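Working through the structure, step by step
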Amino acid sequence: MATPTGKPTIPMHPQAQALPDSERGWKEIPYEEYIDPDHNPYLNLHRTWGRPVLTSEQAAACRGAWQQEFGRKAPLNVEIGTGNGFFFSGMAESHPAENWLGIEIRFKRVILTAKKLRAEATEANSRICRYDASALSDLFLPGEIDTLYINHPDPWDKERWAKNRLLGPEFLDKIAVLMAPGAELRIKTDHLVNVDAVLKHIDGRPFELFARCDDVNGEGAPWDGDIVTNYQRKFFERGLPVYALRLRRS
Ligand SMILES: C[S@@+](CC[C@H](N)C(=O)[O-])C[C@H]1O[C@@H](n2cnc3c(N)ncnc32)[C@H](O)[C@@H]1O
């Protein structure tokens, strides 16, 4: 069975099959998440947590209505793959006048992020949703995103896995529609292949390179007020480079 992102197909557990698509968020849920939902505390927890956590269904219902969800008109910043949420919660806290939406596919990481958003300062201006970023158009109308952050996307570093990498031409086409003119795409990665791919694929697409940095841990990211992510710290500790790209949707 092929999946839209071309990821390796995994037979779906019957319990996952029984869920409506909206609850699964996407059919391509990691199999282990569904082996026994009753024993995955994070799957159940994310359903019962309440704001700032949004289930896939709740997040998709906000498409075109993020300002209503946040109860105010403010720039919408999105991070794909929040991991354990250090960057996301830190950015939301240090930019209280902006709205922040995190998108994370793994239930446990949704909850780890949510725990860091408990502080009053961030509860008002941030939401973390469980969703597969390869189906991003489910969540936004054209032009709804003002800044898009992607930090250390999964590397899929073997060539035979290349089609699974997030930062490919299809993804750039998708976000070109969802980002407002003038919106920024800010990427940090430990994987030079990602840098080369993005620079190759923006050719002929409505993005312009604003800044590039090949040593974020030494020089800092090419935007103000950046926060070190969990993966970034790991690469720093190993003395390995982290790259950054700052692009503008023209
Ligand atoms: C290598 S980790 C980086 C985590 C964090 N951004 C950091 O820099 O510390 C990649 C993260 O992206 C999430 N992720 C991978 N594919 C995703 C997808 N299709 N949609 C949403 N999140 C995804 C993973 O679950 C993981 O938390």
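Here we summarise the structure given alongside this text.

Criteria and cut-off values
- Residues numbered from 1 in each chain as written.
- Predicted model: local features only at pLDDT ≥ 70, side-chain atom pairs only at ≥ 80, totals over all residues.
- Near = placed C-beta within 6 Å.
- Helix = DSSP H or I, 4+ residues; strand = E, 2+ residues; numbered from the N terminus.
- Nonpolar A, V, L, I, M, F, W, Y, C, P; charged D, E, K, R; others polar.
- Contact = placed C-beta atoms within 7 Å.
- Core = buried A, V, L, I, M, F, W, Y, C linked by C-beta atoms within 7 Å.
- Buried ≥ 20, exposed ≤ 12 C-beta atoms within 10 Å, placed from the backbone.
- Pairing = 2+ DSSP bridges.

Right, let's get into the site of the ligand. Around the ligand, the surrounding shell holds 19 residues, and the nearest of these are Gly81, Gly83, Ala133, Thr229 and Tyr231. Contributions of two or more residues to the shell around the ligand are made by strand 3 (99–104) and helix 12 (230–237). At 3 residues, helix 12 tops the list of elements feeding residues into the shell around the ligand. A class-by-class count of the residues in the shell around the ligand yields 6 nonpolar, 8 polar and 5 charged.

All right, on to the environment of arginine 63 then. Relative to the helices and strands, arginine 63 resides in the loop between helix 4 (56–61) and helix 5 (66–70). Each C-alpha atom of the pair arginine 63 and serine 137 lies 8.6 Å from the other, and the pair is 74 residues apart in sequence. Here arginine 63 is in contact with Asp138, Leu139, Phe140 and Leu141, once residues within four sequence places are set aside.

Ranked by internal contacts, the top residues of the largest apolar core, which has 49 residues, are Val78 and Leu148. Apart from residues lying up to four places away in sequence, valine 78 is in contact with Leu101, Ile103, Ile145, Leu148 and Tyr149.

Its place among the elements puts lysine 116 in helix 7 (residues 107–116). By C-beta crowding, lysine 116 is classed as buried, having 21 other C-beta atoms within 10 Å. Through-space distance from the C-alpha of lysine 116 to that of glycine 85 is 6.8 Å; in sequence the pair is 31 residues apart.

A few words now on the pairing of strand 4 (residues 126–130). Here is the key point about a regular strand: its side chains alternate between the two faces of the sheet. Counting buried positions along strand 4 gives 5 out of 5 residues, so the element sits mostly inside the fold. Here strand 4 shows no split at all, with Ser126, Ile128 and Arg130 on one side and Arg127 and Cys129 on the other all buried. Looking at chain direction, strand 1 (residues 53–54) and strand 4 are connected through 2 bridges and run parallel. Bridge pairing in strand 4 places leucine 54 opposite cysteine 129. Of the strand pairs in this sheet, strand 3 and strand 4 are connected by 5 bridges, and their pairing is parallel. Residue pairing for strand 4: leucine 101 is matched across the bridge by arginine 127.

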